[in-house]
Amino acid sequence: MATLVRYNRTPSFFNPFYVRPAVTRFYNTKPNVPAANVKETETGFTLALATPGLKKEDLKINVENNILTIAYKPEATETAETFTHHEFGVNAFERGFRLPKTVNADQIAASYTDGILTVTLPKVEVKEEKLVKEIAIA
């Protein structure tokens, strides 16, 4: 990885133009957002979110203005436990997906199994409008 980044070995107090490497622009700025997979089939879309350790009652799913929003907000709990090293835990998140016009929002279904939230988005047949219109001459 070091071969891909130009790195200045001169300390910053010797070089006033010293800046950090450009790798930081690829850093995930939202590390608390769960990973998602979207799969399209002939009958609809399947959206899968990796949300291990959550309960299905804690997840909120809604559709508003053709945007599907999946959110989790943990309840405030006070624990007296102190850890030497603590990596477990899920922070609050909200993730939105713009739905195509072909999705039937009234028949969206969701299930939660083994830490994977699966949302099924069925397609509806969209009638194509005629772009050419013949006008009779009077």
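Everything here concerns the structure above.
Each value, and the rule that gives it
- Residues numbered from 1 in each chain as written.
- Predicted model: local features only at pLDDT ≥ 70, side-chain atom pairs only at ≥ 80, totals over all residues.
- Heavy atoms only, no water.
- Helix = DSSP H or I, 4+ residues; strand = E, 2+ residues; numbered from the N terminus.
- Buried < 20%, exposed > 50% of the residue type's maximum accessible area, 1.4 Å probe, protein only.
- Contact = heavy atoms within 4.5 Å.
- Core = buried A, V, L, I, M, F, W, Y, C linked by side-chain atoms within 4.5 Å.
- Pairing = 2+ DSSP bridges.
- Axes fitted to C-alpha atoms, helices over the stretch in contact; angles between N-to-C directions.

S.K.: Quick question: what am I supposed to make of the side chain of Thr51 here?
M.R.: Within the secondary structure layout, Thr51 lies in the loop between β2 (44–50) and β3 (59–64). On the basis of relative accessible area, Thr51 is assigned to the buried category, the value being 3%.

S.K.: Would you mind showing me how to read the environment of Asn91 here?
M.R.: The residue Asn91 is located in the loop between β4 (67–72) and β5 (93–98) in this model. Residues Asn91 and Lys73, spaced 18 residues apart in sequence, show a C-alpha to C-alpha distance of 7.5 Å. Sequence-distant contacts of Asn91, defined by excluding residues within four places in its chain, comprise Asn32 and Tyr72.

S.K.: Looking at this structure, I do not really get the nonpolar core. What am I missing?
M.R.: For soluble globular proteins, nonpolar side chains are generally found buried alongside one another. Counting residues in hydrophobic clusters, the biggest one holds 16 residues, and the most contacted among them are Leu47, Leu59, Leu68, Ile70, Leu117, Val119 and Leu121. Secondary structure elements with two or more residues in this core: β2, β4, β5 and β7 (116–122). Each residue touching Leu47, except ones within four places of it in the same chain, is listed here: Ala36, Asn37, Val38, Leu68, Ile70, Phe97, Leu117, Thr118 and Val119.

S.K.: Honestly, the pairing of β3 in this entry has me stumped. Any pointers?
M.R.: In regular strands, side chains alternate between the two faces of the sheet. Here β3 pairs with β4 via six bridges, running antiparallel. Following the sheet pairing, Ile61 is matched in β4 by Ile70. Linkage of β3 to β4, two consecutive antiparallel strands, is achieved through a turn of two residues, within which Asn65 is found at a positive phi near 55°.

S.K.: Honestly, the sheet that holds strand β6 (residues 109–113) in this entry has me stumped. Any pointers?
M.R.: Within a beta sheet, neighbouring strands are joined by backbone hydrogen bonds and run either parallel or antiparallel to one another. With antiparallel pairing, the four strands of this open sheet are ordered in space as β1-β2-β7-β6. Looking at which strands have only one partner, the edges of the open sheet turn out to be β1 (36–40) and β6. Across the sheet, the mean angle from the axis of one strand to that of its neighbour is 15°, orientation sign disregarded. Summarising the sheet, β2 and β7 pair through seven bridges and their orientation is antiparallel. Of the residues in β7, the one forming a bridge with Gly44 is Pro122.

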